[in-house]
Amino acid sequence: MTTNDNMAPEARDAAHAARLLVTVAQTLNARLALTASELARSQEVLKEASEELMTAFRGAADRIVAAQKEERAEDSVRTAEYGTVLDHLYRAVQHLQSHDLVNQLIDAQKLRVDKMREKLGEAITLASPPPKEPVSAEQWIERSRAMLDCIVAGIRQIDEDARAPVHKDKEHAGSVDLF
């Protein structure tokens with residue numbers, strides 16, 4: 001005879017609902033852990049791309065230095081070469097500025113994921129260990145309600161954080177170290 005057989009039908013249904021809620025919270029927490037990992041990997045790919053851009057910057061700078069050292073018969077040829085190289089550098093700067101923005105967005109998403117994982121962890125903790133038998137339907141319902149309140153509080157906090165104004169570091173906003 002299982003412990004569920006000793007429960008009233010209402011308590012058994014409430015216990016089942018509470019266990020389902022724990023399973024949902026654990027599954028969401030696992031999915032969020034995967035999302036956090038994918039965000040971290042995205043940042044790594046972004047970092048690698050930025051390093052490639054820096055290599056391109058150095059290559060372009062080397063071309064400018066080489067062009068300056070060459071003797072040209074016509075100044076218009078030199079001007080055209082410098083113009084081409086500078087166009088490449090300007091495009092690269094724009095990409096690095098995008099990298100900065102994307103990195104900030106990823107950091108914000110990672111923070112939201114971490115906060116939600118924290119709240120799901122709290123909700124799961126509210127369910128552990130299971131209550132001692134026999135438990136009434138009201139006790140199971142109260143336990144489930146506490147878990148849901150915790151999860152909803154996490155969602156509300158994330159929503160509020162998403163609407164909060166972003167505080168920018170005005171001193172370094174849009175700045176990119178080239179070399």
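This is a predicted model, so every value here is computed, not measured.

> Which parts of the structure should I look at to understand the overall build of the chain?
Of the regular secondary structure elements, the chain holds three helices and zero strands. When its helices and strands are written in sequence order, the chain yields α-α-α. Put simply, the chain has 179 residues, and 25% of those count as buried. Sequence-distant contacts, at least 24 apart, represent 76% of the contacts inside the chain between residues at least 6 apart. With the model as given, the accessible surface of the chain reaches about 12,400 Å², and the carbon-plus-sulfur share is 56%.

> Looking at this structure, how should I read the confidence of the model for the chain?
Should pLDDT be low for a region, the predicted coordinates there are not to be read in detail. Averaged over all residues, the pLDDT of the chain equals 78, while 80% of them reach at least 70. Put simply, helix H2 (residues 75-126) is where the chain has its lowest mean pLDDT, 81, and helix H3 (residues 137-163) is where it has its highest, 86. Within the model, pLDDT remains below 50 along residues 170-179, and this stretch shows 12 contacts once partners closer than five positions in the same chain are excluded.

> Even after reading the chapter, I still don't get the environment of glutamate 138, so can you show me in this structure?
Topologically, glutamate 138 is positioned in helix H3. Glutamate 138 gets classed as exposed once you look at its relative accessible area, which sits at 57%. When the C-alpha atoms of glutamate 138 and alanine 14 are compared, they prove to be 8.0 Å apart, with 124 residues separating the residues in sequence.

> Sorry if this is basic, but what is going on with the nonpolar core here?
As a rule of thumb, soluble globular proteins bury nonpolar side chains together. Grouped together as the largest cluster of nonpolar side chains are 18 residues, with contacts concentrated most on Met116, Leu120, Met147 and Ile151. For this core, the leading source of residues is helix H1 (residues 9-69), giving seven residues. Not counting chain neighbours up to four residues away, the residues in contact with isoleucine 151 comprise Ala25, Met116, Leu120 and Ala123. Within the second largest apolar cluster, 11 residues are counted, among which are Met54, Phe57, Val85 and Leu89.

> Honestly, the pattern of salt bridges in this entry has me stumped. Any pointers?
Pairing between side chains of opposite charge can happen when the charged atoms of each approach one another. Overall, the coordinates contain four salt bridges when judged by the stated rule. Between glutamate 51 and lysine 47 there is a salt bridge whose closest N-O contact spans 4.0 Å. Of this pair, glutamate 51 and lysine 47 both sit in helix H1, four residues apart, which is roughly one turn of the helix. Of the residues examined, lysine 47 reaches a relative accessible area of 44% and is grouped as partly exposed. The residue lysine 119 makes a salt bridge to glutamate 122 at a minimum N-O spacing of 3.5 Å. Here lysine 119 and its partner glutamate 122 are both found in helix H2, three residues apart, which amounts to about one turn of the helix. Note on lysine 119: relative accessible area 17%, which makes it buried. Using a relative accessible area of 32% as the deciding quantity, one classes glutamate 122 as partly exposed.

> For this particular structure, what's the right way to read the environment of threonine 23?
Inspection of the secondary structure assignment puts threonine 23 in helix H1. On the accessibility criterion, threonine 23 (43% relative accessible area) is partly exposed. Sequence separation between threonine 23 and isoleucine 124 is 101 residues, and the spatial gap between their C-alpha atoms is 8.9 Å.

Definitions and cut-offs
- Residues numbered from 1 in each chain as written.
- Predicted model: local features only at pLDDT ≥ 70, side-chain atom pairs only at ≥ 80, totals over all residues.
- Heavy atoms only, no water.
- Helix = DSSP H or I, 4+ residues; strand = E, 2+ residues; numbered from the N terminus.
- Buried < 20%, exposed > 50% of the residue type's maximum accessible area, 1.4 Å probe, protein only.
- Contact = heavy atoms within 4.5 Å.
- Areas by Shrake-Rupley, 256 points an atom, 1.4 Å probe, with all protein chains shown as cover.
- pLDDT = per-residue confidence, 0-100.
- Core = buried A, V, L, I, M, F, W, Y, C linked by side-chain atoms within 4.5 Å.
- Salt bridge = Lys/Arg side-chain N within 4 Å of Asp/Glu carboxyl O.

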